[in-house]
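So you can see what is in the structure, the chains are spelled out below.
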Amino acid sequence: MHRFRLLDPYLAWILVLWMVHPVSATAQQTLPGFAEVIEVRVVNVEVVVTDRDGRRVPGLAAADFELLVDGKPVPIEYFSEIRDGSLAPSASHASAEGEAAPVPTVGEQGRLRTHYLVFVDDFFSIAQDRDRVLDRLGESFAELRPDDRVAVVAFDGKELALLASWTADRAALGDALRRAKARPAFGNQRLTELRQNDSERGNRRDLELLQIERVRAVGGELPDRPTRLGLDPVERGFAMRLTQQVQNSVLAAASALRSFSAPGGRKVMLVLSGGWPYSPAEYTVNQFGANVEDVGDAIYDTKPLLDPLITTANLLGYTLYPVDVPGQDREIGTDATQGFTELVRLGESPSATAGGTATAREQHVHYALQSMAESTGGRALINAERDRALAEVIADTATFYWLGFTPDREENDATHRIEVRIKQPGLSVRAREGFVDLSRQAEVTMMVESALLFGDPPSARPLQLRFGRPQKAGLGRMRLPLEVGIPIGEITLVDTGGTWVNRLEVRTVVMDEVGSRSETTLDQVDIEGKRPPQPGDVFYYETDLRLRRKPHRLVVAVYDPLSGVILSSSAEIDP
């Protein structure tokens, strides 16, 4: 077997010294509809038009709409009206720029096939609430149209589970929901973590009150309000852990979208969220709209939490319909500072409100749901609406206008704002707010992270993974050598005067047993050979993994920019 050499002689020397042992890579079936590289040629915008009374307005034409990207008008190249799940006859498809063709994803005989992807959040949900929502979903399956399809995935904080692929089979869907209900739910653990945080906050406030009483006892003067410099260390620790937990859940939902990116027709995701706060820092102190004095610089780290899901949904043409699984009057809304009247007088304002209205923490959860929905043109199903979530979504997606345009692609990861205007007065529109001009590099990184969470390498072209002997690298940590064998026959090499070369991109990401993942590393690796590649030739890339000495899951992906080919494999590491 011929080895194409590494251009770095130091790495080549390391290869000679390693004791290399084979490791079995995970090789499960590829998820249906998974696209290794997503080519977004046309951006479709689903638009709901209502009158002053909230009723849908039918019979409009492309000329009645104005489509703007980053504030500049763009031609409406495709236009269709969908009415009650079918293509409606339109008097005219003409736009201001000329004739607009019907949106090409409408199925045979003008019927619209809607794909409903159900994402079940087991990590934040309490089993009783989750199962109630799942039971109501099952009752609404009878309202699906004959061409509609449903898929179900669930996330437990570590990995995604595929419970049902796209199907219209009611028996298969019922079985998927039964298996979803049989899965462990971890919402009570999240509740315990929150109660512990609030208890510790309460103890610290009691200590502050005691200090206030001591000052009074000696006739001292009280400050106008206690000095506060943001989150204290215990609060910051809880907020950081909560941020990681929400990030993992959001990434899991985005990965599910990627893995079901191929279907045509209307695409919808029902996000059954157990309670993702919009701002973990404000959620920690139980204040909605907290200022920098309350939470410090942590207040600026909120919006990116939801961005991976919103961006992926808009990229792939999914509309998000988040579902408030906990419903109303959640116990976790109780404020640890409630009843501390002296601290209230000094400026510490408990945020939980009486009378059954939303607490500060409920407001955070609701705002996160609304943000996901509004950014993608969907609706947030809050409180009692959880009991009729699927029925509401079926009705909401049955009648709308479909506008399409071809963006000028630069593949620079820039976000572009979409605005749809209606020219007739008195009418309102609802639509997605933007799209991302995703780069190929970002695409491949998304693919790697998706594979990590599903535990299923999406590539049909696997890599050879071999590990060296673990070496101690500090307390509880190890350095693990990794050799990646890349089949030369699967990539493209360019002949440059008798030397065959390419520059590959190698991405690596690992996740531990509790779901914490590393940042995805990216290496650009130059390879060369002095003769044309032959069948069986393998190029070997070596690197070191720095890990805690505990079980991990690893995903490695190699991207060939010349051909667009992606090779990937995954492995379980159990030192």
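Thresholds applied
- Residues numbered from 1 in each chain as written.
- Predicted model: local features only at pLDDT ≥ 70, side-chain atom pairs only at ≥ 80, totals over all residues.
- Heavy atoms only, no water.
- Helix = DSSP H or I, 4+ residues; strand = E, 2+ residues; numbered from the N terminus.
- Buried < 20%, exposed > 50% of the residue type's maximum accessible area, 1.4 Å probe, protein only.
- Contact = heavy atoms within 4.5 Å.
- Areas by Shrake-Rupley, 256 points an atom, 1.4 Å probe, with all protein chains shown as cover.
- Salt bridge = Lys/Arg side-chain N within 4 Å of Asp/Glu carboxyl O.
- Pairing = 2+ DSSP bridges.
- Lys, Arg positive; Asp, Glu negative; His and termini not counted.
- pLDDT = per-residue confidence, 0-100.

## Regarding the overall build of the protein
Here is step 1 of the chain: Within the protein, the regular secondary structure consists of 12 helices and 28 strands.
Here is step 2 of the chain: The 575 residues of the protein split such that 55% are buried.
Here is step 3 of the chain: Of the contacts made within the protein by residues no fewer than 6 positions apart, 79% connect residues no fewer than 24 positions apart.
Here is step 4 of the chain: As displayed, the protein offers around 25,100 Å² of accessible surface, 50% of which is attributable to carbon and sulfur atoms.

## Some details on the pattern of salt bridges
Here is step 1 of the chain: Counted by the stated rule, this structure contains 27 salt bridges.
Here is step 2 of the chain: The partner of Arg 83 in a salt bridge is Glu 81, and the shortest N-O contact between them spans 2.9 Å.
Here is step 3 of the chain: Judged by its relative accessible area of 33%, Arg 83 falls in the partly exposed class.
Here is step 4 of the chain: A cluster of three or more residues bridged by salt bridges with shared partners is formed by Asp 122, Arg 130, Asp 131 and Arg 183.

## Focus on the pairing of strand E13 (residues 160-167)
Here is step 1 of the chain: The buried count for E13 comes to six of eight residues, which makes it a mostly enclosed element.
Here is step 2 of the chain: Sheet analysis places strand E12 (residues 149-155) next to E13, joined by five bridges and oriented antiparallel. Within E13, the residue paired with Val 153 across the bridge is Leu 162.

## Here's the deal with the side chain of Asp 64
Here is step 1 of the chain: With respect to the helices, strands and loops of the structure, Asp 64 is situated in the loop between strand E4 (43-50) and strand E5 (65-69).
Here is step 2 of the chain: This buried residue, Asp 64, is left without a salt bridge; Lys 423 holds the nearest opposite charge, at 7.1 Å.
Here is step 3 of the chain: Among all residues touching Asp 64, those that are not within four sequence positions of it are Arg 421, Ile 422, Lys 423 and Gln 424.

## What to know about the sheet that holds E4
Strand pairing in a sheet is mediated by backbone hydrogen bonds. Such pairs are either parallel or antiparallel.
Here is step 1 of the chain: Spatially, five strands are ordered E8-E7-E16-E4-E18 in an open sheet, and the strand pairing comes out antiparallel. The open sheet is flanked by strand E8 (86-87) and strand E18 (428-430), the only strands paired with a single partner.
Here is step 2 of the chain: Where E4 meets strand E16 (residues 400-405), five bridges bridge the pair, whose relative direction is antiparallel. Looking across to E16, one finds that Val 47 is bridged to Tyr 401.

## Observations regarding the confidence of the model for the protein
Here is step 1 of the chain: Per-residue pLDDT for the protein averages 78, and the proportion of residues at 70 or more is 73%.
Here is step 2 of the chain: Low confidence marks residues 91-97, where pLDDT is under 50. Its contacts with residues over four positions away, or in another chain, come to 18 contacts.
Here is step 3 of the chain: Considering only residues more than four positions removed or in separate chains, one finds that residues 330-357, a stretch of pLDDT under 50, has 66 contacts.

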